[in-house]
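Breakdown of the fold
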Amino acid sequence: MPVPTPFTSASNMLRHRLMPSLRTRGGASGGPSRWSTPGHEDRPKGYLFNRSPPPAGQSRKWEDWELPCYITSFLTIVILGVGLQAKPDLTIETWAHKKALERLELENMAVSTSGSSESD
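Reference entry: report on the structure contained in this document. Predicted, not measured: the structure shown is a model, and the values here were computed from it.

All right, on to the packing of aromatic side chains then. Counted by the stated rule, this structure contains 1 aromatic pair. A centroid spacing of 5.4 Å and a plane angle of 80° characterise the contact between Trp62 and Tyr70, whose relative ring orientation is edge-to-face. Relative accessible area serves as the criterion here: at 40%, Tyr70 is assigned to the partly exposed category.

In structure tokens:
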């Protein structure tokens, strides 16, 4: 179904009125944007995090933040693993199952006591 002409012309008019104001809202109009410029380097180095590898036979030196971060991450995983395994089961299904077992035991005790008193 084709779009009616009045709506098309109204949307075109609105677009032409709004677009210049949207372009200049971020600051100076024209010129390169800081989001679209290529950057300071001529071309990327091609290494992970733009870090060149150490010379052959040498290992990479750890930075100051790495050891505390690795220790904290490991301890967090251990604490969560132990804590989540040890948490109590508080689901509604477990509660309902326990209540049903209690009722069955009470019914069995009532039946056994009424059955033993009849045989006397």
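Right, picking up where we left off after that structure.
With that settled, consider the side chain of Glu66. The residue Glu66 is located in helix α2 (residues 66-86) in this model. Once residues lying within four places of it in the same chain are set aside, the contact partners of Glu66 are Arg60 and Lys61.

Taken together, the side chains of Trp62, Trp65, Leu67, Tyr70, Ile71, Phe74, Leu75, Val78, Ile79 and Val82 make up a nonpolar region of the molecular surface, amounting to roughly 1100 Å² of accessible area. Along the chain, Trp65 falls in the loop between α1 (5-24) and α2.

Right, let's get into the pattern of salt bridges. Close approach of charged atoms allows side chains of opposite charge to pair. Applying the stated criterion to the full structure yields 3 salt bridges. Between Glu66 and Arg60 there is a salt bridge, with the nearest N and O atoms lying 3.0 Å from each other. Judged by its relative accessible area of 4%, Glu66 falls in the buried class. Measuring nitrogen to oxygen at the nearest pair gives 3.9 Å for the salt bridge that ties Glu102 to Lys99. Of this pair, Glu102 and Lys99 both sit in helix α3 (residues 92-119), separated by 3 residues, roughly a single helical turn. Of the residues examined, Glu102 reaches a relative accessible area of 44% and is grouped as partly exposed. Taking the relative accessible area as the measure of exposure, Lys99 reaches 35% and is therefore partly exposed.

Rules and cut-offs
- Residues numbered from 1 in each chain as written.
- Predicted model: local features only at pLDDT ≥ 70, side-chain atom pairs only at ≥ 80, totals over all residues.
- Heavy atoms only, no water.
- Phe/Tyr/Trp six-rings, centres within 6.5 Å; stacked < 30°, edge-to-face > 60°.
- Buried < 20%, exposed > 50% of the residue type's maximum accessible area, 1.4 Å probe, protein only.
- Helix = DSSP H or I, 4+ residues; strand = E, 2+ residues; numbered from the N terminus.
- Contact = heavy atoms within 4.5 Å.
- Patch = residues over 30% accessible without salt bridge, like charges linked within 9 Å, V, L, I, M, F, W, Y side chains within 5 Å.
- Areas by Shrake-Rupley, 256 points an atom, 1.4 Å probe, with all protein chains shown as cover.
- Salt bridge = Lys/Arg side-chain N within 4 Å of Asp/Glu carboxyl O.

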